[in-house]
Amino acid sequence: MQLYITSLNSGSNGNCYYIGNSKEAVLIDAGISCRETEKRMKRLGLSMNRVKALFVSHEHSDHIKGIAGLCKKYQFPIYITDRTRERGRLLIPDFQVSSFRPYEPVVIGDLLVTAFPKYHDATDPHSFIVRHKDLRVGVFTDIGRPCDHVISQFRQCDAAFLEANYDEDMLENSSYPYFLKQRIRGGMGHLSNRQAVELFQAHRSPKLTHLFLSHLSENNNCPGKVQRLFSECAGSTRIVVASRYEETAVYVLGRELPVEMVGGGKVEQLQFF
């Protein structure tokens, strides 16, 4: 029983997260091109042949701009709500489209993917929990504020991609116009570093082994600052800052298996969790 997880890219320039076991995997969002997705997975030793589905959180371009290329080259299903598909004006063949409903698990081989609603300024936004047996990985980005749905799901995670989008002082003192500042921090935009660390401290599970700090603002945050903030209270949780420029290493949750099952890319030392 194990899961392999990596951020292929995380930020306003594109978001894409890989979660899988030794047989199948899913992508959460496709905000980078098909070619770039393939290139980064190849560097990690991950095969696109394992990817059995793509799940789309919402219609903003940094989450969907790679979908057309992926669905043209690969025949895996695209799980997306009808409202998100319509609003995003996505040209996906009907035979590749599957819908999902909140809290109704979708079976992808031995993986269970469950969507749940959240606050964000999109038409029908959702986040996801990917489960393999007793292991749960959550993707919590583009979160306007920590609602009950987000809190209850975060509490159950063995690993999570958690948004830490902006430093509040950096945003306040930035050159952004007032309306944009309010969009970001007004409860329907993104989580600040403070909101994210408060969620982490108050609601993390004792079994949370890895936390990927995700969707950092290019202009209103600093990777070093957010790394230090979370490291001070991390305890036994491994803190990883996901980059907007490159993939992270592949991190492994679960029992130890031979490294060759993952491939020749960057893989964290396998551990027992």
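Presented here is a report on the structure given in the accompanying data block. Predicted, not measured: the structure shown is a model, and the values here were computed from it.

Points about helix H8 (residues 193-203)
- Regarding H8, the residues found buried are Asn-193, Gln-195, Ala-196, Val-197, Leu-199, Phe-200 and His-203.
- Residues of H8 that are buried sit in contact with helix H5 (148-154), strand S11 (159-163), strand S12 (210-214), helix H9 (223-231) and strand S13 (238-241).

Considerations on the nonpolar core
- With 29 residues, the main nonpolar core has Tyr-18, Leu-27, Leu-54, Ile-67, Leu-70, Phe-76 and Ile-78 as its most contacted residues.
- Listing elements by their share of this core, those giving two or more residues are strand S1 (2-9), strand S2 (16-20), strand S3 (25-28), helix H1 (34-44), strand S4 (51-55) and helix H3 (67-73).
- Of all hydrophobic cores here, the second largest spans 27 residues; its members include Val-137, Ala-159, Phe-161 and Ala-249.

A short note on the pattern of salt bridges
- Applying the stated rule across the entire model yields 15 salt bridges.
- In this structure, the salt-bridge partner of Glu-247 is Arg-43, at a minimum N-O distance of 2.8 Å. Of this pair, Glu-247 sits in the loop between S13 and strand S14 (251-254) while Arg-43 sits in helix H1, and the two are 204 residues apart along the sequence.
- Judged by relative accessible area, Glu-247 falls into the buried class, the value being 5%.
- Under the relative-accessibility criterion, Arg-43 is labelled partly exposed at 41%.
- For Arg-185, the salt bridge goes to Glu-172, with nearest N and O atoms at 2.6 Å. Of this pair, Arg-185 sits in helix H7 (residues 178-185) while Glu-172 sits in helix H6 (residues 168-172), placing them 13 residues apart in sequence.

Rules behind the numbers
- Residues numbered from 1 in each chain as written.
- Predicted model: local features only at pLDDT ≥ 70, side-chain atom pairs only at ≥ 80, totals over all residues.
- Heavy atoms only, no water.
- Buried < 20%, exposed > 50% of the residue type's maximum accessible area, 1.4 Å probe, protein only.
- Helix = DSSP H or I, 4+ residues; strand = E, 2+ residues; numbered from the N terminus.
- Contact = heavy atoms within 4.5 Å.
- Core = buried A, V, L, I, M, F, W, Y, C linked by side-chain atoms within 4.5 Å.
- Salt bridge = Lys/Arg side-chain N within 4 Å of Asp/Glu carboxyl O.

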